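Structural description and commentary
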Amino acid sequence: MRKLRTAAAALAVVMVATGQTAYAADAASTITIDSAHPAGRLPADFVGLSFEMRELGIGNLDASKGNVAQFFKTLGRSNVRIGGNTLDRDTLWVPEAQQPPNPLPGWVQDVVRPSDIKRLDKLLRNTGWNAEVGINVGRWDQALGADQAKVMFEVLGKRLVAAECGNEPDQWVSRAYRPTGYAYADYKKDWETCAAAVGSNRIAGPDTASTSSSWAASLATDNAARMNMVTVHQYPGGATTTTTKLLSQETLTGGVNAVSKNLAAAKAAGLPMRVDEANSTYNGGIDGVSNKFASALWVIDYSMSLAQAGVSGVNIHGGLGVCNDPIWNGKFQRYTPFCAADKAGELAQVYKAMPIYYGLWMARQMGPGKFLPLNLTTDRNITAYAVKGDDSKTRIAILQKDETSAAAAHVDIKVGGHNRSAEVLRMTGTALADEPTAIQGSTVDAKGKLKVRPDSLRVRNGSLGIDLAAGSAVVITIDC
């Protein structure tokens, strides 16, 4: 992160806001929690997953095979979004009892049928998750769109949070789905045509590639009564990001700022906004960054900062091929939360956890609840968040994002109240640019389970202290 320099370098710089970072010379790190003024909500399903429609078409996401269901369960009940570039570009819906055209249209690479939706339903029932599922609008067919919507609502029922009309319409011109000059007014008509075919107000959109696209705010204003969620995508790291840049305050703040206008418009329309496709950087990620321990630290920071800003959820995008190998579009799947160790694992749907999965797991431990304001004073690359849980326990996430070779940081935390017990979970890695990641020294096993035992702490006279290894994260849970 960028170091703040002042003339009085020996004085601590204090940032009065949850999740802010500050630097100072020779100053102790302290956190003071304001338990009296809980603020915005951290929903239980805030941190979710996202996959391409292709995964349904090729038979993946099958609760009866491999360990995918356990990977969902290990994270805890949440939200999965099914869509992505393959939705509009190359997926054809084929109704029940019909055969695909022979030959298939030249653009078709994947066929999705009602049986695929039924398979998704079994996964959702098995794991307690909900879903948003996309309908192809880039290559719109009225009869097929209406049939898919009917099947999804009948099969998935309440587990279908929303149908999504299309994917990244702000890029349809560049992908030759629409002619030059296609603008929001044209998209609005297309979206409304899809919405009429869906026949429900459980519809999300516009699912723009640009996080700050005015199309999201405009759709929320124009169609609030027909929607139940505003959706955008975000890859805040950019195509050339580095570990240092990914973990910088600049990237963290930039991600929050980029959603602000559309978030305000969604709130004004009385709608939640979800970043339903996100990761460190697009095009499958960057080797040495997106697939390494740094991504685990990043995703905790990223998800908590957006939740604190008022975003209702984040879905981290991934793919189910072989780890770090090219997938359907020739891009590499380096940013995925879990993937197969080899081709045999891919075919058996047996996956292993990548570093970012551990970060998602840690972030999930923070909610549900309400954020608590805090003051952080530090001269290290540290961020912190506090949440008052629905169970009345206080949870504090602290991230120390310096390279693991740096000295440990001692953090004194003032939480107030009486003497009581606390527990701590620690996420560690061998180096920011290495893959090995563990929580309490444990890793996700071959079944997809993570078994951890927290360490004990004690709050005395309203305070507690903790030594935080460089390049690590902790979640502290304090009893009522």
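Above this text is the structure in question.
Residues numbered from 1 in each chain as written. Predicted model: local features only at pLDDT ≥ 70, side-chain atom pairs only at ≥ 80, totals over all residues. Heavy atoms only, no water.

1. Topic: the layout of surface pockets
Its boundaries defined by the atoms lining it, the largest pocket holds a volume of some 350 Å³. Within the lining of the largest pocket, the residues separate by chemical class into seven nonpolar, 14 polar and five charged. (1 Å grid on protein atoms, 1.4 Å probe; cavity = no way out; pocket = protein on both sides within 12 Å on 5 of 7 lines; lining within 4 Å. Points joined across faces, edges and corners; volume = space filled by probe spheres on them. Nonpolar A, V, L, I, M, F, W, Y, C, P; charged D, E, K, R; others polar.)

2. Points about the pattern of salt bridges
What the rule picks out here adds up to 21 salt bridges. Note that aspartate 402 and arginine 380 form a salt bridge whose closest N and O atoms lie 3.0 Å from each other. Of this pair, aspartate 402 sits in the loop between β19 (394-400) and β20 (409-414) while arginine 380 is found in the loop between β17 (374-377) and β18 (382-389), placing the two residues 22 residues apart along the sequence. Residue arginine 380 is classed as buried on the basis of its relative accessible area, which comes to 16%. Arginine 395 is paired through a salt bridge with aspartate 391; the nearest N and O atoms lie 2.8 Å apart. You can call aspartate 391 partly exposed: its relative accessible area is 38%. Through salt bridges with shared partners, a single ionic network connects Arg81, Glu164, Asp207, Asp276 and Glu277. (Salt bridge = Lys/Arg side-chain N within 4 Å of Asp/Glu carboxyl O. Helix = DSSP H or I, 4+ residues; strand = E, 2+ residues; numbered from the N terminus. Buried < 20%, exposed > 50% of the residue type's maximum accessible area, 1.4 Å probe, protein only.)

3. So, helix α5 (residues 142-156)
A rise of 1.5 Å per residue sets the reference length of α5, with its 15 residues, at 21 Å; its end C-alpha atoms lie 21 Å apart and thus fit the reference within 8%. Buried within α5 we find Leu144, Gly145, Gln148, Ala149, Val151, Met152, Phe153, Val155 and Leu156. Buried residues along α5 sit in contact with β6 (91-93), α4 (114-127), β8 (130-135), β9 (160-165) and α6 (184-198). Backbone nitrogen of alanine 143 and a side-chain oxygen of the N-cap are separated by 3.1 Å at the start of α5; the cap is aspartate 141. (Expected span 1.5 Å × (residues − 1). Contact = heavy atoms within 4.5 Å. Polar contact = N/O pair within 3.5 Å; in protein donor to acceptor, adjacent residues only side chain to side chain.)

4. Structural notes on the state of the cysteines
Under the definition given, this model contains two disulfides. The partner cysteine of cysteine 323 in its disulfide is cysteine 339, sulfur to sulfur 2.0 Å. Residues cysteine 323 and cysteine 339 are joined by a disulfide whose S-S torsion is about 105 degrees; by sign, that bridge is right-handed. Of this pair, cysteine 323 sits in the loop between β13 (313-317) and β14 (338-339) while cysteine 339 sits in strand β14, and the two are 16 residues apart along the sequence. In this pair, the class of cysteine 323 matches that of cysteine 339, namely buried. The connectivity of the disulfide bonds within the protein can be written as 1-2, 3-4, using the sequence rank of each bonded cysteine. (Disulfide = S-S within 2.5 Å.)

5. Some points on the packing of α4 against α5
The contact between α4 and α5 brings their axes to 10 Å, and the two run at 30 degrees. Regarding the angle of α4 to α5, the classification is roughly parallel. As for the relative orientation of α4 and α5, their crossing is right-handed in sense. Across the interface between the two elements, Pro114, Ile117, Lys118, Leu120, Asp121 and Leu124 of α4 pack against Val151, Met152, Val155 and Leu156 of α5. Its residues assigned to classes, the contact of α4 with α5 comprises eight nonpolar, no polar and two charged. (Axes fitted to C-alpha atoms, helices over the stretch in contact; angles between N-to-C directions. Parallel < 35°, antiparallel > 145°, perpendicular 65-115°, else oblique. Left-handed = near helix turned anticlockwise from the far one by under 90°.)

6. Considerations on the packing of α5 against α6
Contact geometry for α5 and α6: axes closest at 8 Å, N-to-C directions at 50 degrees. One way to sum up the angle between α5 and α6 is to call them oblique. Considering how the two elements wind past one another, α5 and α6 form a crossing that is right-handed. Residues Gln142, Ala146, Ala149 and Phe153 of α5 touch α6, and the partners they reach there are Thr193, Ala197 and Val198. In terms of residue class, the contact of α5 with α6 is made up of five nonpolar, two polar and no charged.

7. Comments concerning the nonpolar core
Phe72, Phe338 and Met427 are the most contacted members of the largest nonpolar core, which has 110 residues in total. Here this core takes eleven residues from helix α10 (residues 293-309), the largest share from any one element. With 23 residues, the next largest nonpolar core counts Val411, Ile413, Val474 and Ile476 among its residues. (Core = buried A, V, L, I, M, F, W, Y, C linked by side-chain atoms within 4.5 Å.)

8. Regarding the packing of aromatic side chains
Overall, the coordinates contain 18 aromatic pairs when judged by the stated rule. Here the aromatic rings of tyrosine 235 and tyrosine 335 are separated by 6.1 Å at their centres, their planes lie at 25 degrees, and the arrangement is stacked. Here tyrosine 335 lies in the loop between β13 and β14 and tyrosine 235 lies in the loop between β11 (229-234) and α8 (243-246), a separation of 100 residues in the sequence. When sorted by exposure, tyrosine 235 lands in the same class as tyrosine 335, which is buried. (Phe/Tyr/Trp six-rings, centres within 6.5 Å; stacked < 30°, edge-to-face > 60°.)

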